[in-house]
Amino acid sequence: MENLIQKINAEIETFRSESESLIDKGVKAAGARARKSTLELEKLLKEFRKVSIEESKK
């Protein structure tokens, strides 16, 4: 579970930096990278939910 949380935090940081590049500097490619990051976050968060439910049943 710790590894999963580390991946989520890393992906959040990636999203944060790419979205800041898009907003502050107007880098259009950063927008695409930020959107890609949101898709990866979605997968990781679903996995977290699944693992969390399994852990709570123990």
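Here goes a summary of the coordinates provided.

1. Thoughts on the side chain of Ser21
Mapped onto the elements, Ser21 comes out in helix H1 (residues 2-25). Owing to a relative accessible area of 18%, Ser21 belongs among the buried residues under this scheme. What Ser21 contacts, discounting residues up to four positions off in sequence, is Gly26, Val27 and Ala30.

2. Here we look at the side chain of Ser37
For Ser37, the location among the structural elements is in helix H2 (residues 28-56). Look at Ser37 and you get buried, because its relative accessible area is 2%. Beyond its immediate chain neighbours, meaning those up to four positions away, Ser37 contacts Glu11, Thr14 and Phe15.

3. Side note on the environment of Gln6
Along the polypeptide, Gln6 turns up in helix H1. Classification of Gln6 by relative accessible area gives exposed; the value is 52%. Residues Gln6 and Arg16, spaced 10 residues apart in sequence, show a C-alpha to C-alpha distance of 15 Å.

4. A short note on the packing of H1 against H2
Axis separation between H1 and H2 bottoms out at 8 Å; the angle between their running directions is 160 degrees. Classified by the interaxial angle, the pair formed by H1 and H2 is roughly antiparallel. Viewed along their axes, H1 and H2 form a crossing whose handedness is left-handed. Among the residues forming the contact of H1 with H2, the class breakdown is 13 nonpolar, 6 polar and 7 charged.

5. A short note on the nonpolar core
Core analysis: the biggest nonpolar cluster contains 5 residues, these being Leu4, Ile8, Leu41, Leu44 and Val51. Those elements that provide at least two residues to this core are H1 and H2. In terms of residue count, the dominant contributor to this core is H2 (3 residues). Apart from the residues lying within four places of it in its own chain, the contact partners of Leu41 are Ile8, Glu11, Ile12 and Phe15.

6. Things to note about H1
Each full turn of the α-helix corresponds to 3.6 residues, which orients residues three or four apart in the same direction. With 24 residues, H1 should reach 34 Å at 1.5 Å per residue; the first-to-last C-alpha distance of 34 Å fits that figure. Against the buried residues of H1 lie H2. Trailing H1 by a residue or two, Gly26 shows a phi angle of about 75 degrees, which is positive.

About the criteria used
- Residues numbered from 1 in each chain as written.
- Predicted model: local features only at pLDDT ≥ 70, side-chain atom pairs only at ≥ 80, totals over all residues.
- Heavy atoms only, no water.
- Helix = DSSP H or I, 4+ residues; strand = E, 2+ residues; numbered from the N terminus.
- Buried < 20%, exposed > 50% of the residue type's maximum accessible area, 1.4 Å probe, protein only.
- Contact = heavy atoms within 4.5 Å.
- Axes fitted to C-alpha atoms, helices over the stretch in contact; angles between N-to-C directions.
- Parallel < 35°, antiparallel > 145°, perpendicular 65-115°, else oblique.
- Left-handed = near helix turned anticlockwise from the far one by under 90°.
- Nonpolar A, V, L, I, M, F, W, Y, C, P; charged D, E, K, R; others polar.
- Core = buried A, V, L, I, M, F, W, Y, C linked by side-chain atoms within 4.5 Å.
- Expected span 1.5 Å × (residues − 1).

Limitation: the analysis is restricted to geometry and does not speak to function.
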